[in-house]
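If you want the building blocks of each chain, they are given just below.
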Amino acid sequence: GGGIRVFSNVSGSRQTVIHGSTISGNQASGPGGGIWNSANLLIDQSTVISGNAAGANGGGTQDGGGIFHNSVSPDSMSLSKVTITGNTATGNGGGIFSGNLTGGGPATISFSRMAGNTATGTGNNVNNVNSAITATNNWWGTNSPATTINNASGGTTTFDPFIQLTHTASPATIRINQSTTLTADMSKDNHGVGTALAGNLDVLNGLPVTFNNPVDGSIPNAQPEALNAGAQATATFNAGGSPGGGKADATVDQATV
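Quick caveat: nothing in here was measured; it's all calculated off a predicted structure.

What follows deals with unusual backbone geometry. Omega for the bond connecting S73 with P74 falls within 30 degrees of zero, at 15°, which places this linkage in the cis form. Along the polypeptide, P74 turns up in the loop between β9 (67-69) and β10 (77-80). Along the chain, S170 connects to P171 via a cis peptide bond; the corresponding omega equals 0°. Structurally, P171 can be placed in the loop between β21 (166-170) and β22 (179-185). With a phi angle near 60°, S46 is a residue other than glycine that sits in the positive phi range.

Structure follows, in structure tokens:
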């Protein structure tokens, strides 16, 4: 545990709670660059777990760059409104490693952001070995979260619904030398529903959005911009003087739309 070790030698431990904290820049030669946990753990209130490393300083192949979670049921881990970014593991689970070969305690993750985590092995965001993870209504740094999650030895990770980045223009059709408004929106899930997310998007507030790569036009706004409290940002697209198929990108973390 580079930053914190939460230990229990039996199941049914008392709950350890981490509120509104920052756990960053820690290194472990073993697993759990930020946190190594084998107990009953709750992390919430916009806690940031960032830039931690497992397997540092010649530690070999180690798991769980941000969090290494290996509890025994009924002990569990619960994350709500937590940012897990830029963590690294020389083994599996750049952001989170959960479970063990004999069956680890469950975990729940909601209204959180996992982005820019890397693992030399599998599961840049999450590697799940033989545990049950319910991870709905999260932003995974991409519109394709399955590519950042690895399940092994019977592990199950439920990640649908998940927060999705959309990018639209209004109006969608303009003439030469006219303008339209681009909107990057992260207030809805991959089913186009925002009910559960409303009021729970704290981890996205102020997140940088870059509108760029305009084709047949230009974007005059300074970049990057920031998502507002409603998880949206807008920019202006000015069409050029020649007809064509105008378009532009919106980029958040590893997602470009």
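More follows now that the structure is in view.
Next up on the list: the sheet that holds strand β23 (residues 208-215). Spatially, β25-β23-β27-β28 is the arrangement adopted by the 4 strands of the open sheet, whose pairing is antiparallel. The sheet is open, and its two edges are formed by β25 (225-226) and β28 (255-256), each paired on a single side.

Pairing in this open sheet of 6 strands is parallel, and the strands run β2-β6-β10-β14-β18-β20 from one edge to the other. Each of the sheet's edge strands pairs with one partner strand only, and the pair in question is β2 (15-19) and β20 (156-158). Ignoring which end each strand starts from, the neighbouring axes of this sheet average 10° apart. Note: strand β18 (residues 132-134) against β20, 3 bridges, orientation parallel. In the sheet register, A132 faces β20, and the bridge partner there is T156.

In total, this model carries 3 salt bridges according to the counting rule given. With a shortest N-O distance of 2.7 Å, R113 and D253 are connected by a salt bridge. Of this pair, R113 sits in strand β15 (residues 113-115) while D253 sits in the loop between β27 (247-252) and β28, and the two are 140 residues apart along the sequence. Of the residues examined, R113 reaches a relative accessible area of 13% and is grouped as buried. Residue classification places D253 among the partly exposed positions, given a relative accessible area of 25%.

Checked against the element boundaries, A235 lands in strand β26 (residues 232-239). As for A235 and N128, which are separated by 107 residues in sequence, their C-alpha atoms are 39 Å apart. Not counting residues within four places of it along the chain, the set of residues in contact with A235 comprises T180, T181, L182, F211, I219, N221, Q223 and E225.

Definitions and cut-offs
Residues numbered from 1 in each chain as written. Predicted model: local features only at pLDDT ≥ 70, side-chain atom pairs only at ≥ 80, totals over all residues. Heavy atoms only, no water. Helix = DSSP H or I, 4+ residues; strand = E, 2+ residues; numbered from the N terminus. Pairing = 2+ DSSP bridges. Axes fitted to C-alpha atoms, helices over the stretch in contact; angles between N-to-C directions. Salt bridge = Lys/Arg side-chain N within 4 Å of Asp/Glu carboxyl O. Buried < 20%, exposed > 50% of the residue type's maximum accessible area, 1.4 Å probe, protein only. Contact = heavy atoms within 4.5 Å.

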